[in-house]
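# Structure at a glance
Each chain, letter by letter, is given below.
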Amino acid sequence: MTDRTACKNDILKLADSEEELRRVHFNVAVRQDAVSVAALLPETISWLPVKLHPFEDFDELFRLAQKHVLDMILLASSGNLEVEASIISHAKLRPFLASIPAVVYHPQPDKVLYKKVFGCGADDLLSGMWDPEIFGVKIQMLSERSKRDLGVNPTSRLPGPILIERYIEQKIEIGEEFSVCYLDIDNFKAYNDYYGYFYGDRVIRLTAHIIRDVVFDLVPDGFVGHVGGDDFVFIIPYSKVEIVNS
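Residues numbered from 1 in each chain as written. Predicted model: local features only at pLDDT ≥ 70, side-chain atom pairs only at ≥ 80, totals over all residues. Heavy atoms only, no water.

## Points about the sheet that holds strand β5 (residues 124–127)
- With respect to topology, five strands assemble into an open sheet ordered β2-β1-β3-β4-β5, the strand pairing being parallel. Across the chains shown, the open sheet's two edge strands, defined by having one partner strand only, are β2 (50–54) and β5. Averaged over neighbouring strand pairs, the angle between their axes works out to 25° when direction is ignored.
- Two strands pair when backbone bridges link them, and strand β1 (residues 26–33) and strand β3 (residues 72–77) are joined in this way by six bridges, in the parallel orientation. Each bridged residue has a counterpart across the sheet, and for Asp 33 the counterpart in β3 is Ser 77.
- Here helix α6 (residues 111–119) sits on the sheet in contact with β4 (102–106) and β5, set at roughly 145° to β5. (Pairing = 2+ DSSP bridges. Helix = DSSP H or I, 4+ residues; strand = E, 2+ residues; numbered from the N terminus. Axes fitted to C-alpha atoms, helices over the stretch in contact; angles between N-to-C directions. Contact = heavy atoms within 4.5 Å.)

In structure tokens:
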């Protein structure tokens, strides 16, 4: 076996692992309060096997988003939705959470709850008896719409140039010291030209996953973005540059 073939096989093994993580399941972060809908999701999201990630508060949701590529955030409740609205409001302020469809389910919402849900930035409110067919169509539509979001790179699912620029502007406005770190893959063009777009695309997805894991592991309040191609940035507090670079 040549070195080139061995290298390709190693990358394919890693890419297969990444594909398993990102593509095989529809990852749903779920919070339930006095309403149980989790058992209904596999029938509702029929186009892919569902993987559920339960959480209780925003901090848990934040950690889930660092570990998994979430396809949807679902908050089900029969209450006043104060907690749910707060969680969504916080999520929409985080660039890598903002593009994930946030859906609320309430059996009998009134006008006040409708205003509260959409006022906090939720993408949809499901109500009434749970209808797997109708709700499934809505969820699939929201998922496809999020993939077309120009603020997110479609390959890596990381914030793209628009959200990167917006995040930097926010940091400047509040006067916070931060570092913008640039990362690219050595000789990626040569690899992409030789093996083709399909394998190059998988390497990009794998690289994005590694960068995200490393940065968030060392700097939980960091930011990871994908400019395009093999160009990535991560934005972290100035005091933590050495931690990541080492």
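## Details of the environment of Leu 158
- By secondary structure assignment, the location of Leu 158 is in the loop between α7 (132–147) and α8 (161–173).
- Under the relative-accessibility criterion, Leu 158 is labelled buried at 5%.
- C-alpha separation for the pair Leu 158 and Phe 96, spaced 62 residues apart in sequence, amounts to 6.5 Å.
- Ignoring anything within four residues of it in the chain, the contact list for Leu 158 reads Gly 151, Val 152, Asn 153, Ala 208, Arg 212, Val 224, Gly 225, His 226 and Phe 232. (Buried < 20%, exposed > 50% of the residue type's maximum accessible area, 1.4 Å probe, protein only.)

## Focus on the sheet that holds strand β6 (residues 178–184)
- Read across the open sheet, the three strands follow the order β6-β8-β7; overall the sheet is antiparallel. The sheet terminates laterally at β6 and β7 (223–228), the two strands that pair on one side only. Pairwise comparison of adjacent strand axes, ignoring direction, gives a mean angle of 25° for this sheet.
- Note that β6 and strand β8 (residues 231–237) share seven bridges and pair antiparallel. Across the sheet, Asp 184 pairs through a bridge with Asp 231, a residue of β8.
- Across the sheet, α8 is in contact with β6, β7 and β8; its angle to β7 comes to roughly 135°.

## Brief notes about the nonpolar core
- Core analysis: the biggest nonpolar cluster contains 43 residues, and Phe 55, Leu 61, Ile 73, Leu 97, Val 104 and Ile 236 have the highest contact counts within it.
- No other element matches the six residues that helix α10 (residues 197–218) contributes to this core.
- With residues near it in sequence (within four places) discarded, Leu 61 still touches Ala 29, Phe 55, Leu 70, Ile 73, Ile 87, Ala 91 and Leu 97.
- Residues Leu 41, Trp 130, Phe 135 and Leu 142 belong to the second largest nonpolar core, which totals 17 residues. (Core = buried A, V, L, I, M, F, W, Y, C linked by side-chain atoms within 4.5 Å.)

## Re the environment of Arg 157
- Tracing the sequence through the fold places Arg 157 in the loop between α7 and α8.
- Relative accessible area serves as the criterion here: at 25%, Arg 157 is assigned to the partly exposed category.
- Residues Arg 157 and His 226 lie 69 residues apart in sequence; the distance between their C-alpha atoms is 8.4 Å.
- If sequence neighbours within four positions are ignored, Arg 157 has contacts with Val 69, Leu 70, Asp 71 and Val 152.

## A word on the packing of aromatic side chains
- As enumerated under the stated definition, the model contains 10 aromatic pairs in all.
- Look at Trp 130 and Phe 135: their rings are 4.9 Å apart centre to centre, the planes differ by 90°, and that puts the pair in the edge-to-face class. (Phe/Tyr/Trp six-rings, centres within 6.5 Å; stacked < 30°, edge-to-face > 60°.)

## Some thoughts on the packing of helix α9 (residues 188–195) against α10
- Running from amino to carboxyl end, α9 crosses α10 at an angle of 140°, the nearest separation of the two axes being 6 Å. On the basis of the axis angle, α9 is oblique to α10. Across the interface between the two elements, Phe 188, Tyr 191, Asn 192 and Tyr 195 of α9 pack against Tyr 197, Tyr 199, Gly 200, Val 203 and Ile 204 of α10.
- Here the residues of the contact of α9 with α10 sort into seven nonpolar, two polar and no charged. (Parallel < 35°, antiparallel > 145°, perpendicular 65-115°, else oblique. Nonpolar A, V, L, I, M, F, W, Y, C, P; charged D, E, K, R; others polar.)

## A word on the pairing of β8
- Most of β8 sits out of view: six of its seven residues are buried.
- Two strands pair when backbone bridges link them, and β7 and β8 are joined in this way by five bridges, in the antiparallel orientation. Across the sheet, the residue bridging to Phe 223 is Ile 235, located in β8.

In short, shape yes, function no, at least from these values alone.
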